[in-house]
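The primary structure of each chain is shown beneath.
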Amino acid sequence: MIEIERKFLVKNDSFKQVAYAKHEIAQGYLNSNPERSVRVRIKNNNGFITVKGISNELGMSRFEWEKEIPIDEAKLLLKLCEKGRIFKTRYEVLNGEFTFEIDVFHEQNEGLIIAEIELKTEMDVFIKPNWLGEEVTNEKKYYNSNICKNPFSTWEK
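Rules used in this analysis
- Residues numbered from 1 in each chain as written.
- Predicted model: local features only at pLDDT ≥ 70, side-chain atom pairs only at ≥ 80, totals over all residues.
- Heavy atoms only, no water.
- Helix = DSSP H or I, 4+ residues; strand = E, 2+ residues; numbered from the N terminus.
- Polar contact = N/O pair within 3.5 Å; in protein donor to acceptor, adjacent residues only side chain to side chain.
- Contact = heavy atoms within 4.5 Å.
- Phe/Tyr/Trp six-rings, centres within 6.5 Å; stacked < 30°, edge-to-face > 60°.
- Buried < 20%, exposed > 50% of the residue type's maximum accessible area, 1.4 Å probe, protein only.
- Lys NZ or Arg CZ within 6 Å of the ring centre and 35° of its normal.

Visitor: I tried to follow the side chain of aspartate 103 on my own but got confused; where do I start?
Guide: Assignment of secondary structure puts aspartate 103 in strand E7 (residues 98–105). Of note is the side chain of aspartate 103, whose polar atom sits 2.9 Å from the side chain of lysine 88. Looking at aspartate 103, its side chain comes within polar contact range of the side chain of arginine 90, at 2.7 Å. Each residue touching aspartate 103, except ones within four places of it in the same chain, is listed here: Lys88, Thr89, Arg90, Leu112, Ile113 and Ile114.

Visitor: Quick question: what am I supposed to make of the packing of aromatic side chains here?
Guide: Across all of its chains, the model carries seven aromatic pairs by this definition. Centre to centre, the rings of phenylalanine 100 and phenylalanine 126 are 5.9 Å apart; their planes meet at 80°, and the pair counts as edge-to-face. Of this pair, phenylalanine 100 sits in strand E7 while phenylalanine 126 sits in the loop between strand E8 (113–118) and strand E9 (132–135); the two residues are 26 residues apart in sequence, bridging distant segments of the chain. One exposure class covers both phenylalanine 100 and phenylalanine 126, and it is buried. Arranged with centres 5.0 Å apart and planes meeting at 70°, the rings of phenylalanine 152 and tryptophan 155 form a pair that is edge-to-face. For tryptophan 155, a relative accessible area of 16% puts it in the buried group. An aromatic cluster of at least three residues, connected via ring pairs, comprises Phe8, Phe15, Tyr91, Phe100, Phe126 and Trp131. The aromatic ring of tyrosine 143 is capped on one face by arginine 62, whose charged end is 5.5 Å from the ring centroid.

It is worth stressing that arrangement in space is one thing and function is another; only the former is reported here.
And the structure:
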């Protein structure tokens, strides 16, 4: 139940050529407190509720618990969420023994593309594809719970 992941900005969309899966996602937060966030997500036609704990000092590891819930319950819970929603298309790309999940954000977060790779340990080494940009693992402004409240379209560029 400990999630270890690193986040990166994405330089271009060439990852789409090697993606093996694509999902449409809508999500919101019942609680966006970084010490214990509670997320509701609809991924394609499946509902999920997820609880995440606070990240460690490197921003790579934290507690995560997720449970699939009926889609109709997820839709009702989304209506109860805090202000702001995230809409994104997620692409999955194999990278050796790991998988990159690349989120292409829409609506108020249009133009933002973030890749995440979930690791087995914080010391795992992986090949960095040419489309992978700057690492933003410990930058809280790139957390989905923050992007809901502070959309990318409002950031100073």
